[in-house]
Amino acid sequence: IFHPKYTHQVFGEKEKIFGYKNLKIKLYYTPDHLDTYLGIDYDARIDPIKHKGTKPDDIFKTLLKYIPEGFSINQDQFISNVIQPRPFTPFGELLHVHMSNEGKKYEIYKTDITAPGFREYHERLQTFVLWFIDAASFIDVDDEKWSFYLVYEKSVIDGDTHYMIVGYCTIYYYYAYPDKTKPRISQFLIFPPYQRRGLGTQLLQTIYNDILLDKSVLEVLVEDPSPELTALRDYVDCRNALQLPCFQSPLIHQSYSHEIEKECQEKLKINKHQCRRLYEILRLQVTDRETATRS
């Protein structure tokens, strides 16, 4: 169980719900199919008759704008779905397998909206971005230029294989004249209980590895990254950039140049702005700051 980071995108800028005492909103998902349960509990709520017609906020009506049809309000029924899960197969193509230091196995898949059943699955999955990505909004999946990368924890219990979604990323492919594309990372989320485990690094690197195989890609962009995603991107990009000759000694000690930009774009699909940022970071790493301060 984990709590939302943001609620203003659903309940307004003040993030308040009026008219209830000891209110609890329960939004549960099964770990594989994302079957959804919505429960609203409270000890008491304001009585319009006793308070001159003042009504409590209609929580159910508000949430209906965001939660897709098919959710359950029967907790016993939902629990039975958890105890006796239906078979589940991840969507799309398996791109990468990662074993954590704790011995847990994670798999990363790539898919698109045409995969059977994925449209409905994504409708449930995207509700998470409202609670954990500031200024997030739902995407138009009818546009065929979207790609999706999904991270699952895979486990075997009593001989049965189970998958649990722990994060995902959406990417939109923009056109670049005359015959190129610029994929832009739109939504990037690792669920809170699975953060700080290196899964964001694994996901972003897998995306890069996949995109680098596409000869039509000019450069990779990121849409309004959060500070956390900016830091993650810098880390992964710096790690990859260190494999390029232009970022190794003695070349890294030289001034920034067009040749560095060209190598970044051709080898790593990194744009000019991010390339300059990497240069400054890696140049600082090899700078003798004590000597520089004295001079």
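That block above? That's the structure.
What counts as what
- Residues numbered from 1 in each chain as written.
- Predicted model: local features only at pLDDT ≥ 70, side-chain atom pairs only at ≥ 80, totals over all residues.
- Heavy atoms only, no water.
- Helix = DSSP H or I, 4+ residues; strand = E, 2+ residues; numbered from the N terminus.
- Buried < 20%, exposed > 50% of the residue type's maximum accessible area, 1.4 Å probe, protein only.
- Pairing = 2+ DSSP bridges.
- Core = buried A, V, L, I, M, F, W, Y, C linked by side-chain atoms within 4.5 Å.
- Contact = heavy atoms within 4.5 Å.

A. Examining unusual backbone geometry more closely. With an omega dihedral of 0°, the bond running from Tyr177 to Pro178 counts as a cis peptide bond. Summarising the element assignment, Pro178 is placed in the loop between strand S8 (160-176) and strand S9 (180-190). In this structure, the amide linkage connecting Ser249 to the following residue, Pro250, adopts the cis form with an omega of 10°. Relative to the helices and strands, Pro250 is located in the loop between helix H7 (227-241) and helix H8 (258-268). The phi torsion at Leu34 lies on the positive side, around 65°, for a residue other than glycine. The residue Leu34 is located in the loop between strand S2 (24-29) and strand S3 (36-41) in this model. Classification of Leu34 as buried rests on a relative accessible area of 1%. One non-glycine residue, Asp158, adopts positive backbone phi at about 50°. One can find Asp158 in the loop between strand S7 (146-157) and S8.

B. Quick look at the pairing of S7. Pairing between strand S6 (residues 105-111) and S7: 7 bridges, direction antiparallel. Looking across to S7, one finds that Glu107 is bridged to Tyr152. In terms of strand pairing, S7 meets S8 through 12 bridges, oriented antiparallel. What sits directly across from Lys154, in S8, is Tyr163.

C. Quick peek at the nonpolar core. Residues Tyr121, Leu125, Tyr152, Phe188 and Leu203 are the most contacted members of the largest nonpolar core, which totals 60 residues. With 8 residues, S8 is the single largest residue contributor to this core. Residues within four places of Leu203 in sequence aside, it is in contact with Ile108, Tyr149, Val151, Tyr168, Cys169, Phe188 and Ile190. Counting 15 residues, the second-largest nonpolar core is a separate cluster that includes Phe247, Ile252, Ile260 and Cys275.

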